[in-house]
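# Notes for the structure review
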Amino acid sequence: MNQDPMGNRQSRGRGGGLRLLVVGALLLYGAYYYFSNRTVDPYTGEQVLIDKTLDADQESALGLQAYREILSQERPVDPNSEIARQISGIATRLIDKVDEVERDLAAERGIEARNFAAGFEWTVNVIQSDQANAFALPGGKMAVYTGLVPVAKNQDGMAAVMGHEIAHALMRHGAQRMARGKLEQIGQMAGAAGGMDAGTMQTVMSAYGVTSALPYARAHETQADEVGLMLAAAACFDPREAVPLWERMAQASGGQSPPEFASTHPSPETRIQHLQSLMPKALAFREKYCAAGGAS
């Protein structure tokens with residue numbers, strides 16, 4: 001045997017040192033990315049992570065691309081149909097209050113509104129589908145599925161859902177998820193560089209999902225509920241209709257929702273309790289904007 005034990009140990013030491021350098025560099029980059037891309041959300045007053053290289057035009061372009069792909073696969077109804085005109089009217093009332101609601105919520109937290117959505121080109125399509133769903137993408141591209149109409153039941157219920165979806169776009173939740181996704185990739189690269197095997201990586205990511213990623217997603221839903229409710233109230237819809245709406249949404253799901261800890265959304269019970277706690281504030285918004293004979 002002509003192998004040199006000491007030489008082998010030196011080789012492994014050099015390899016281990018290089019591996020530690022790579023892991024350390026990735027972790028340092030992750031920390032730099034995290035701290036250099038923190039910004040204050042004017043709607044919540046919280047520090048959030050959004051890549052500062054992603055401006056409004058880029059975000060809108062991403063939203064438009066996704067919107068076109070969806071519409072190429074779906075069947076929008078005639079924009080002149082009664083349902084399309086009703087949905088468009090609700091959207092217009094909500095969008096007209098975006099700047100005022102952002103200003104008020106930012107002022108509550110002692111910060112200035114940023115009006116990031118000032119350049120959004122808002123568009124809404126109604127899509128023929130049994131889904132009880134709606135969405136709003138970055139840049140203001142919106143859709144409402146016809147299956148939502150009987151669940152919403154009235155314009156106030158529809159405004160609660162559409163306000164919620166608009167809030168996601170206003171609060172840049174998509175951009176926040178993208179930035180967080182980049183940090184997750186850096187973490188996975190560091191784990192792989194450190195020699196973590198696939199099984200251990202899967203276990204770590206599963207634990208991360210339950211303890212961090214899923215609560216993060218639920219927090220976005222809760223935030224959108226609050227901002228969306230204030231939008232609906234300021235647009236002179238009845239915010240009290242949000243509670244029976246989400247009760248009907250829970251019934252429409254047939255009780256098939258996963259337990260809250262394993263879901264991206266709060267449980268119906270949690271969501272309804274939160275909306276009820278917000279009702280005095282929402283009614284104050286409605287009084288402020290609609291007492292002088294606003295739309296009802």
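Thresholds applied
The residue numbering used here restarts from 1 in each chain and proceeds along that chain's sequence as written. For this predicted model, a pLDDT threshold of at least 70 governs which residues receive local features, and a threshold of 80 or more governs which side-chain atom pairs are given and counted, while totals over whole chains, interfaces and linings are taken from all residues. Note that the side-chain values use all heavy atoms of the structure and ignore hydrogens as well as water. Summary of the burial criterion: residues with accessible area below 20% of their type's maximum are buried, those above 50% are exposed, and those between are partly exposed, where the area comes from a 1.4 Å probe applied to protein chains only. Each helix corresponds to a stretch of at least 4 residues labelled H or I by DSSP, and each strand to a stretch of at least 2 residues labelled E; elements are numbered beginning at the N terminus. In short, DSSP must find at least two bridges between two strands for them to pair. Just to be clear on terms, a salt bridge is a Lys or Arg side-chain nitrogen sitting within 4 Å of an Asp or Glu carboxyl oxygen. Criterion for a disulfide: a pair of cysteine sulfur atoms at a distance within 2.5 Å. Think of a patch as exposed residues, more than 30% relative accessible area, with no salt bridge, where like charges cluster within 9 Å and nonpolar side chains (Val, Leu, Ile, Met, Phe, Trp, Tyr) cluster within 5 Å. Only the protein chains shown count as cover for residues, and the accessible areas themselves come from Shrake-Rupley with a 1.4 Å probe. Here pLDDT means the predictor's own confidence in every residue, given as a number from 0 to 100.

For the rest of this paragraph, the subject is the pairing of strand E4 (residues 134-137). The alternating pattern of E4 places Ala-134 and Ala-136 and Phe-135 and Leu-137 on opposite faces, both of which are buried. Where E4 meets strand E5 (residues 141-145), 4 bridges bridge the pair, whose relative direction is antiparallel. Bridge pairing in E5 links Ala-134 to Val-144. Following E4, the chain reverses through 3 residues before pairing antiparallel with E5; Gly-139 in that reversal takes a positive phi of roughly 95°.

Another point: the pattern of salt bridges. Side-chain pairs of opposite charge can arise whenever the charged atoms involved come near each other. Under the defined criterion, the tally for this structure stands at 11 salt bridges. With a closest N to O distance of 3.2 Å, Arg-271 and Glu-221 form a salt bridge. Here Arg-271 is found in helix H10 (residues 268-290), whereas its partner Glu-221 is found in helix H8 (residues 198-234), with 50 residues between them in sequence. Its salt-bridge partner being Lys-281, residue Glu-226 comes within 3.2 Å of it at the nearest N-O pair. Highlighted residues: Glu-226 in helix H8 and Lys-281 in helix H10, separated in sequence by 55 residues. Lys-281 gets classed as partly exposed once you look at its relative accessible area, which sits at 21%.

Attention now moves to the state of the cysteines. What the rule picks out here adds up to 1 disulfide. Note on cysteine connectivity: Cys-236 is disulfide-linked to Cys-290, with sulfurs 2.0 Å apart. Torsion about the S-S bond of the Cys-236 and Cys-290 cystine: about -105°, corresponding to left-handed handedness. Of this pair, Cys-236 sits in the loop between H8 and helix H9 (242-252) while Cys-290 is found in helix H10, placing the two residues 54 residues apart along the sequence. For Cys-290, a relative accessible area of 11% puts it in the buried group.

Side chains of Leu-18, Leu-21 and Val-22 sit close together on the surface and give an oily, nonpolar patch of about 290 Å² of accessible area. Residue position: Leu-21 is located in helix H1 (residues 5-36). For Leu-21, a relative accessible area of 61% translates into the label exposed.

In this model, the protein chain carries an average pLDDT of 90, and 93% of its residues clear a pLDDT of 70 or more. Within the protein chain, the element-level pLDDT minimum falls on H1, averaging 77, and the maximum on helix H3 (residues 82-95), averaging 98.

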